[in-house]
Amino acid sequence: MRQHFKPSSVTVAIVLLVCVRLKRLMLGKSVHSGVIKTGLESQTLVGNSLVSMNLKLGDVVSWNAIVAGLMENGLVFGMLFFFYFLIFFNFSDIFLFIFLNFLVFRIFFKFF
């Protein structure tokens with residue numbers, strides 16, 4: 001008989017840290033999938049670890065999710081700070097293109 005064990009949020013955070021140290025984004029995404037299946041995505045420690053992993057491993061989709069989340073919650077200054085951080089550290093041009101498109105779209109539909 002097969003037993004299933006649910007990891008703790010601390011275990012997941014440590015595993016995600018190992019994924020970062022090994023530079024294994026796809027392994028981290030697999031862990032993320034497991035987090036969703038076990039229902040741990042609402043744990044603050046797990047959420048912060050996922051964001052940290054994605055930023056450190058250069059996942060552009062996650063950067064866009066962070067910017068979108070900041071905008072959706074009205075944290076415009078936080079979003080601008082994050083944007084300038086990405087520019088300062090010379091992140092990819094594709095991210096900047098996506099970000100600017102998102103910003104224009106968001107402002108246009110918010111005010112018109």
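Our structure is the block above this text.
As the structure is a prediction and not an experimental result, all values here were calculated from the model.

K.L.:
Go over the layout of surface pockets, please, and point to the residues and values.
P.N.:
Size it by volume and the largest pocket reaches roughly 190 Å³. Surrounding the largest pocket, Lys 29, His 32, Leu 50, Val 51, Met 53, Asn 54, Asp 59, Ser 62, Ala 65 and Ile 66 form its lining. When residues of the lining of the largest pocket are traced back to their parent elements, those giving at least two are helix H2 (25–38), helix H3 (44–56) and helix H4 (60–72). Here the lining of the largest pocket gets four residues from one element, more than from any other, and that element is H3. A breakdown of the residues in the lining of the largest pocket according to their chemical character gives five nonpolar, three polar and two charged.

K.L.:
Lay out the nonpolar core with the relevant residues and their values.
P.N.:
Residues Val 12, Leu 16, Cys 19, Val 20, Val 31, Val 35, Leu 40, Val 46, Leu 50 and Met 53 constitute the largest nonpolar core, which totals 10 residues. Those elements that place two or more of their residues in this core are helix H1 (9–21), H2 and H3. No other element matches the four residues that H1 contributes to this core. Non-local contacts of Val 20, meaning those with residues more than four positions away in its chain, are made with Met 53, Lys 56 and Leu 57.

K.L.:
If you had to explain H2 to someone new, which residues and values would you point to?
P.N.:
Note: α-helices contain 3.6 residues per turn, so residues at a spacing of three or four share the same orientation. Along its 14 residues, H2 runs 20 Å from first to last C-alpha, staying within 8% of the 20 Å computed at 1.5 Å per residue. Among the residues of H2, those classed as buried are Gly 28, Val 31 and Val 35. Projected down its long axis, H2 carries its buried residues within an arc of 55 degrees, all on one side. Among the exposed residues of H2, those pointing more than 90 degrees away from its buried face are Met 26 and Lys 37.

K.L.:
Go over the environment of Ala 68, please, and point to the residues and values.
P.N.:
Along the polypeptide, Ala 68 turns up in helix H4. Residues Ala 68 and Met 79, 11 residues apart in the sequence, show an inter-C-alpha distance of 8.3 Å.

K.L.:
A description of the environment of Arg 24 should follow, citing residues and the corresponding values.
P.N.:
Position of Arg 24 among the secondary structure elements: in the loop between H1 and H2. Its relative accessible area of 46% is what places Arg 24 among the partly exposed residues. For the pair Arg 24 and Met 53, spaced 29 residues apart in sequence, the C-alpha to C-alpha distance is 9.6 Å. When neighbours within four sequence positions are excluded, Arg 24 is seen to be in contact with Cys 19 and Leu 57.

K.L.:
Give me unusual backbone geometry: which residues, what numbers.
P.N.:
Of note in the backbone geometry, Lys 23 takes a positive phi value of approximately 55 degrees without being a glycine. Topologically, Lys 23 is positioned in the loop between H1 and H2. Residue Lys 23 is classed as exposed on the basis of its relative accessible area, which comes to 68%.

K.L.:
Give me the packing of H2 against H3: which residues, what numbers.
P.N.:
Packed helices, taken two at a time, are described by the angle between their axes plus the distance between the axes. Taken N-terminus to C-terminus, the directions of H2 and H3 make an angle of 160 degrees; their axes are 11 Å apart at the nearest point. On the basis of their axis angle, the class for H2 and H3 is roughly antiparallel. Of the two elements, H2 crosses H3, and the hand of that crossing is left-handed. Counting all contacts with H2, which are made through Leu 25, Gly 28, Lys 29, His 32 and Val 35, the residues of H3 involved are Val 46, Leu 50, Met 53 and Asn 54.

The rules behind these values
Residues numbered from 1 in each chain as written. Predicted model: local features only at pLDDT ≥ 70, side-chain atom pairs only at ≥ 80, totals over all residues. Heavy atoms only, no water. 1 Å grid on protein atoms, 1.4 Å probe; cavity = no way out; pocket = protein on both sides within 12 Å on 5 of 7 lines; lining within 4 Å. Points joined across faces, edges and corners; volume = space filled by probe spheres on them. Helix = DSSP H or I, 4+ residues; strand = E, 2+ residues; numbered from the N terminus. Nonpolar A, V, L, I, M, F, W, Y, C, P; charged D, E, K, R; others polar. Core = buried A, V, L, I, M, F, W, Y, C linked by side-chain atoms within 4.5 Å. Buried < 20%, exposed > 50% of the residue type's maximum accessible area, 1.4 Å probe, protein only. Contact = heavy atoms within 4.5 Å. Expected span 1.5 Å × (residues − 1). Arc of directions from axis to C-beta. Axes fitted to C-alpha atoms, helices over the stretch in contact; angles between N-to-C directions. Parallel < 35°, antiparallel > 145°, perpendicular 65-115°, else oblique. Left-handed = near helix turned anticlockwise from the far one by under 90°.

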